[in-house]
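What follows is the residue order along each chain.
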Amino acid sequence: ATDGTITFEDEDVCLIPSPGQADSELPVIAASGRNIYIAWQDDRNGIGNYDIYFEHATEQDSTPPASVGSFVAFSGNETITLSWTNPTDTDFEGVLILRRDDGNPVAASPVDETSYSVNDTIGSSTVVYMGTEETYVDTNLTNNTRYHYAIFSYDEVPLYSTGSAVDAAPSDPS
């Protein structure tokens with residue numbers, strides 16, 4: 001079940017006869033990282049046997065990882081090599097790179113909580129890479145054509161960072 005910010009994963013119940021225990025002692029809430037543990041009592045059967053409930057919840061992630069650093073492009077013969085530095089966020093899962101080859105900058109962004117694959121289209125751009133490496137070589141390109149790229153880091157939800165953009169045109173060095 002979800003209450004909007006917390007996803008409840010399981011519930012365990014044990015029967016403890018404790019008719020004298022004050023309700024004010026429970027609920028007990030403890031947190032560790034994104035994990036939340038809740039305990040409370042309830043006399044649902046009305047005969048003085050208090051069921052003690054324990055529930056584990058995980059707070060939903062609402063923050064994307066930081067953007068990549070130092071996103072640069074290097075031109076080669078029919079290739080463009082992209083390089084960057086991944087963020088160090090503990091929930092970093094990977095990067096998504098979009099390419100646009102019609103001379104215009106990448107205008108679209110991935111939608112949070114939506115998973116993509118290589119060759120998917122987002123707006124007028126194509127997903128050309130997804131992964132955790134810090135270098136990608138885009139091959140089989142047309143020399144002297146300007147290609148625009150945007151890179152987004154993402155976490156397990158996935159939530160996507162603000163994009164960083166570069167552009168380059170491959171050329172024959174001869």
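Residues numbered from 1 in each chain as written. Predicted model: local features only at pLDDT ≥ 70, side-chain atom pairs only at ≥ 80, totals over all residues. Heavy atoms only, no water.

Scanning the protein for helices and strands turns up zero helices and twelve strands. N-terminal to C-terminal, the α/β element order of the protein is β-β-β-β-β-β-β-β-β-β-β-β. In the protein, buried positions account for 37% of the 174 residues. A fraction of 64% describes how many contacts in the protein between residues 6 or more apart in sequence connect residues 24 or more apart. Here the protein has roughly 9700 Å² of accessible surface; of this, 47% comes from carbon and sulfur atoms. (Helix = DSSP H or I, 4+ residues; strand = E, 2+ residues; numbered from the N terminus. Buried < 20%, exposed > 50% of the residue type's maximum accessible area, 1.4 Å probe, protein only. Contact = heavy atoms within 4.5 Å. Areas by Shrake-Rupley, 256 points an atom, 1.4 Å probe, with all protein chains shown as cover.)

In this section: the side chain of His-148. Within the element layout of this structure, His-148 appears in strand 11 (residues 147-155). In terms of polar contacts, His-148 uses its side chain to reach the backbone carbonyl oxygen of Gly-103, at 3.3 Å. Non-local contacts of His-148, meaning those with residues more than four positions away in its chain, are made with Leu-98, Arg-99, Arg-100, Gly-103, Asn-104, Pro-105, Val-106, Val-166 and Asp-167. (Polar contact = N/O pair within 3.5 Å; in protein donor to acceptor, adjacent residues only side chain to side chain.)

Only one face of strand 10 (residues 135-138) is covered, namely the face carrying Tyr-136 and Asp-138; the face carrying Thr-135 and Val-137 is uncovered. Across four bridges, strand 6 (residues 79-85) lies against strand 10 in antiparallel orientation. Bridge pairing in strand 10 places Leu-82 opposite Tyr-136. (Pairing = 2+ DSSP bridges.)

The subject of this paragraph is the nonpolar core. Counting residues in each nonpolar core, the largest one holds 17 residues, and the members touching the most others are Phe-71, Leu-82, Trp-84, Ile-97 and Tyr-149. Broken down by secondary-structure element, the contributors of at least two residues to this core are strand 6, strand 7 (92-100), strand 9 (125-131), strand 11 and strand 12 (164-168). For Ile-97, the contacting residues outside a window of four places in its chain are Leu-82, Trp-84, Thr-126, Val-127, Val-128, Tyr-129, Tyr-136, Tyr-149, Ala-150 and Ile-151. Judged by nonpolar contacts, the second largest core, of eleven residues, contains Leu-96, Ala-108, Val-127 and Phe-152. (Core = buried A, V, L, I, M, F, W, Y, C linked by side-chain atoms within 4.5 Å.)

Pairing is antiparallel across the open sheet formed by five strands, whose spatial order is 8-9-7-11-12. Strand pairing shows two members of the sheet lacking a second neighbour, strand 8 (121-122) and strand 12, which therefore form its edges. Here two bridges tie strand 8 to strand 9, and the two strands are oriented antiparallel to one another. By the bridge assignment for strand 9, Thr-121 is matched with Thr-126.

Another point: the packing of aromatic side chains. Applying the stated criterion to the full structure yields five aromatic pairs. With 6.3 Å between their ring centres and 70° between their planes, Phe-71 and Trp-84 make a pair best called edge-to-face. Of the two residues, Phe-71 sits in strand 5 (residues 69-76) while Trp-84 sits in strand 6, which places them 13 residues apart along the sequence. Residues Phe-71 and Trp-84 agree in their burial class; the two are buried. These aromatic residues form a ring-pair network of at least three members: Phe-71, Trp-84, Tyr-129 and Tyr-136. (Phe/Tyr/Trp six-rings, centres within 6.5 Å; stacked < 30°, edge-to-face > 60°.)

These results come straight from atomic positions and should not be treated as a statement about function.
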